Structures are given as C-alpha cells and as structure tokens.
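# Residue-level structure breakdown
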Amino acid sequence: MSDHTPARKHTALPKAQILIEALPWLTRHNGKTVVIKFGGNAMVDDALKAAFAQDVVFLRQAGLKPVVVHGGGPQINAQLDKQGLVSEFKAGLRVTTPEAMDVVRMVLAGQVQRELVGLLNQHGPLAVGLTGEDAHTITATKHTPQIDGELVDIGRVGEITAIDTGAIEALMADGRIPVISSIARSADDGHVYNVNADTAAAALAAALGAETLMVLTDVEGLYADWPNSDEVISRLTVSELEKLLPELSSGMVPKMQGCLHAVRGGVSTARVIDGRVPHSILLEIFTDEGIGTMVVPDAQGGEQQ
C-alpha cells in the first residue's frame, strides 16, 4: 500500500494546486454573465472546437452564465463558392445580395450553429441555438457605408438598432447556454440582414449587463507597434484604445470597436484573446497569466481586474 502513496501524491497535488489557484476567480465570477464571440481558427480546427466547447461548459458548471455569439466567414465563403456566388468585399464588409443572404442564413443557423450546439450538448442538455431573428433578439436597419465620400449599397448588411434580451435571459435562468447566430431582422423592411458577429457580441454583452466580453481571434492580442514589434498590449483603457483605433488593421477594427462599445455600455472588461491556444478562455478567466488584450473603463487606473 505504502508503495503507491508517494506516486499518488505526486500526480494529484499539482491538480489540487491548480484548482485552489482558481478559487478567487471562481468566487469573483460566480453568477456573472460572460459573452464569448466564437470565431477565427478556433472555429475551423476540430481540436480547438472541442476545447472551446469544454471551456464553455466548464464556465457554466463553475457558476458563470456563458452566452456564445458566432459568425462564420470561412464557412460562408465555401458555400458561396459551391453555389457559384462571388464573394465581394467593400469597406471590409461582405456585399450581400438577397441570394447570398439566403446562403449566409443557411450556413450560420443551419451549419455553424448546429455544430456548436452539438459539441456543447455532448456534455449535457445545455445549449440552445437561436438567431438574432428569434424573439426580436437583434433588430437591424440597412447599413450603407461611406466609401470615398459616397454612400455605397452593399446589400443585406445590417446595423444593429435594438436588442431584446428576453429569450436569452429566459434560457440562462433555465441553466441553458444560448448560442446566437449574428443575423437580424429589420423593423423597416422586414428583410433579414447579415450583422458583423463582433458587433453583435458587443451589443449583446452591453444589453445583458455582462461582466466580460471575450472575442476569440487569430492573433495574440493587440500589438503595441505592429509590424515593428510583436509585443502585446495586455491592458488598456477605453481612452487609450480610442487613440489607437485609426491605426489598427481592418480585421481588428470591429473587434476593438466592439470592446469599446461593450465597456462604454457597462461591461466591466472586454478582452481579445488568442483562439489558437487551446483552452484560452479558461486561461483568461481563471489565471493571472491572462493571454490577450483587456480593455477596461477609464476610471479604474491600476486596479487589478
């Protein structure tokens, strides 16, 4: 019997240590809502997808209330190609014809969301999928960007005008994990619109009074002086971020604008994290070694989040 004891101690103790280290975070985040934008490589790599689902279920079992929002750029591109529809981008946004919108809706609600709900539900009867159309969760109006001083019609691309959190809150109260596709219906013309998923996640985080917005990306975070340096800014305030926005790469703009919008709307912290790192969500929420960039309100100075 005594032969086994040291070995058993040796393997079990680090596990206990890790759990104890998570205790302050578990206490702090208990009962809090966290909105997670699922995207990038984590969305197409099977191992990362499975790790993501485990993380979200872990948050739920640890007493948090996770809400998942997703887009599906790569999957939409693949399906449009398959149907011989051209993907055109203007001002960083997909030009979305009515035909393309049908594909977007089918892929997001019928493919990407279904797969994610399936992965989460391997762990129990937890996830329920909806789109922004359900119960007026997201309402939008047609977005007409200005390019070179002129308004340009880019089709069924929406700008969020209203959020109704009723259905999401009912699901959360029932212990479920809402999984939301970033599609919205317009109150103006009754059409369905494609909405940027980063923007949708930020708007939902603010409307839900979430504690945290987490946006998964394919970079380590916001770089201080890209491309000259790969040093990541680990924390910045809303005002500091505003100054940086004009210099950011186009892909980062909606993500960082979303973080800005969420924190301005009352979300305590918004984080852009590296979705290429397995279990990045757990690392970010339950350890000191946060990975990524955290945006905080101005007034907090040096307070530890």
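On a predicted model such as this, the values are computed, not experimentally measured, just so you know. (Residues numbered from 1 in each chain as written. Predicted model: local features only at pLDDT ≥ 70, side-chain atom pairs only at ≥ 80, totals over all residues. Heavy atoms only, no water.)

This part takes up the sheet that holds strand 18 (residues 293-296). Strands sit in the order 5-10-2-1-13-17-18-16 across an open sheet of eight strands; the sheet is mixed. Either end of the sheet is taken by a strand with one partner, and the two such strands are strand 5 (127-131) and strand 16 (235-237). Direction aside, the axes of adjacent strands within the sheet are offset by 20 degrees on average. Here five bridges tie strand 5 to strand 10 (residues 177-181), and the two strands are oriented parallel to one another. Across the sheet, the residue bridging to Val 128 is Pro 178, located in strand 10. Taken strand by strand, helix 5 (residues 98-120) contacts strand 1 (33-38), strand 2 (65-70), strand 5 and strand 10, and its axis lies near 165 degrees from that of strand 5. Lying on the sheet, helix 9 (residues 252-264) is in contact with strand 1, strand 13 (212-217), strand 17 (269-274) and strand 18; it crosses strand 17 at an angle near 155 degrees. (Pairing = 2+ DSSP bridges. Helix = DSSP H or I, 4+ residues; strand = E, 2+ residues; numbered from the N terminus. Axes fitted to C-alpha atoms, helices over the stretch in contact; angles between N-to-C directions. Contact = heavy atoms within 4.5 Å.)

Once that is clear, we can look at the packing of aromatic side chains. Per the counting criterion, the structure on display carries two aromatic pairs. Aromatic side chains Phe 58 and Phe 286 sit 5.8 Å apart centroid to centroid with 70 degrees between the ring planes, which places their arrangement in the edge-to-face category. Taken together, the positions of Phe 58 in helix 3 (residues 46-61) and Phe 286 in helix 10 (residues 280-286) put the pair 228 residues apart, joining distant regions of the chain. Judged by relative accessible area, which is 7%, Phe 286 ranks as buried. (Phe/Tyr/Trp six-rings, centres within 6.5 Å; stacked < 30°, edge-to-face > 60°. Buried < 20%, exposed > 50% of the residue type's maximum accessible area, 1.4 Å probe, protein only.)

What follows covers the pattern of salt bridges. Following the criterion strictly, the structure yields eleven salt bridges and no others. One salt bridge in this structure joins Asp 46 and Lys 49, with 3.5 Å as the shortest N-O distance. Taken together, the residues span about one helical turn, with Asp 46 and Lys 49 both in helix 3 at a distance of three residues. We note a salt bridge from Asp 198 to Lys 255, for which the minimum N-O separation is 3.1 Å. A residue pair is termed long-range when its members are at least 10 positions apart, and Asp 198 in helix 7 (residues 197-208) and Lys 255 in helix 9 qualify at 57 residues. Take Asp 198 and Lys 255: they sit in the same class, and that class is buried. (Salt bridge = Lys/Arg side-chain N within 4 Å of Asp/Glu carboxyl O.)

The terminal C-alpha atoms of helix 9 lie 18 Å apart, and with 13 residues this matches the ideal 18 Å at 1.5 Å per residue to within 8%. Every buried residue of helix 9 is accounted for by Met 252, Pro 254, Lys 255, Met 256, Gly 258, Cys 259, Leu 260, Ala 262 and Val 263. Within two residues after helix 9, Gly 266 carries a phi angle of roughly 105 degrees, on the positive side. (Expected span 1.5 Å × (residues − 1).)

On to the confidence of the model for the chain. The predicted model of the chain averages 91 in pLDDT, with 94% of residues at 70 or higher. Contacts for the low-pLDDT stretch residues 301-305, under 50 throughout, to residues beyond four places or in other chains number ten contacts. (pLDDT = per-residue confidence, 0-100.)

This part covers the nonpolar core. Buried together is how nonpolar side chains tend to be arranged in soluble globular proteins. Ile 36, Phe 52, Leu 59 and Phe 286 are the most contacted members of the largest nonpolar core, which has 42 residues in total. Of all the elements in the fold, those that place two or more residues in this core are strand 1, helix 3, helix 4 (73-82), helix 5, strand 10, strand 13 and helix 10. For this core, the leading source of residues is helix 5, giving eleven residues. The residues touching Phe 286, leaving out its near neighbours within four places in the chain, are Glu 21, Ala 22, Trp 25, Leu 26, Phe 58, Leu 59, Ala 62 and Leu 64. Counting residues in hydrophobic clusters, the runner-up holds 39 residues, among them Leu 171, Val 195, Leu 236 and Val 263. (Core = buried A, V, L, I, M, F, W, Y, C linked by side-chain atoms within 4.5 Å.)

On to empty space enclosed by the protein. Rolling a probe over the atoms, with the probe sized like a water molecule, indicates the empty space that remains. Within the structure shown, the criterion is met by two cavities of 30 Å³ or more. Considered as a void within the structure, the largest cavity measures approximately 60 Å³ in volume. Together, Ala 42, Leu 48, Ala 51, Phe 52, Asp 55, Leu 216, Gly 275, Val 277, Pro 278, His 279, Ser 280 and Ile 281 line the largest cavity. Sorting the residues of the lining of the largest cavity by element identifies helix 3 and helix 10 as the ones contributing at least two each. Ranked by residues supplied to the lining of the largest cavity, first place goes to helix 3 with four residues. Here the lining of the largest cavity is built from residues that sort into eight nonpolar, three polar and one charged. Here the second largest cavity defines a volume of roughly 40 Å³. Every residue lining the second largest cavity is listed: Phe 38, Met 43, Lys 49, Gln 75, Val 112, Glu 115, Leu 116 and Leu 119. (1 Å grid on protein atoms, 1.4 Å probe; cavity = no way out; pocket = protein on both sides within 12 Å on 5 of 7 lines; lining within 4 Å. Points joined across faces, edges and corners; volume = space filled by probe spheres on them. Nonpolar A, V, L, I, M, F, W, Y, C, P; charged D, E, K, R; others polar.)

Moving on, we come to the packing of helix 4 against helix 5. When two helices pack together, their arrangement is given by the angle between the helix axes and by the axis-to-axis distance. One way to put it is that helix 4 packs onto helix 5 with a least axis distance of 9 Å and a crossing angle of 125 degrees. Judged by the inter-axis angle, helix 4 sits oblique to helix 5. In terms of crossing hand, the pair formed by helix 4 and helix 5 is right-handed. Along the contact surface, helix 4 presents Gln 75, Ile 76, Gln 79 and Leu 80, while helix 5 presents Ala 100, Val 103, Val 104, Met 106, Val 107, Leu 108, Gln 111 and Val 112. Class assignment for the residues of the contact of helix 4 with helix 5 results in nine nonpolar, three polar and no charged. (Parallel < 35°, antiparallel > 145°, perpendicular 65-115°, else oblique. Left-handed = near helix turned anticlockwise from the far one by under 90°.)

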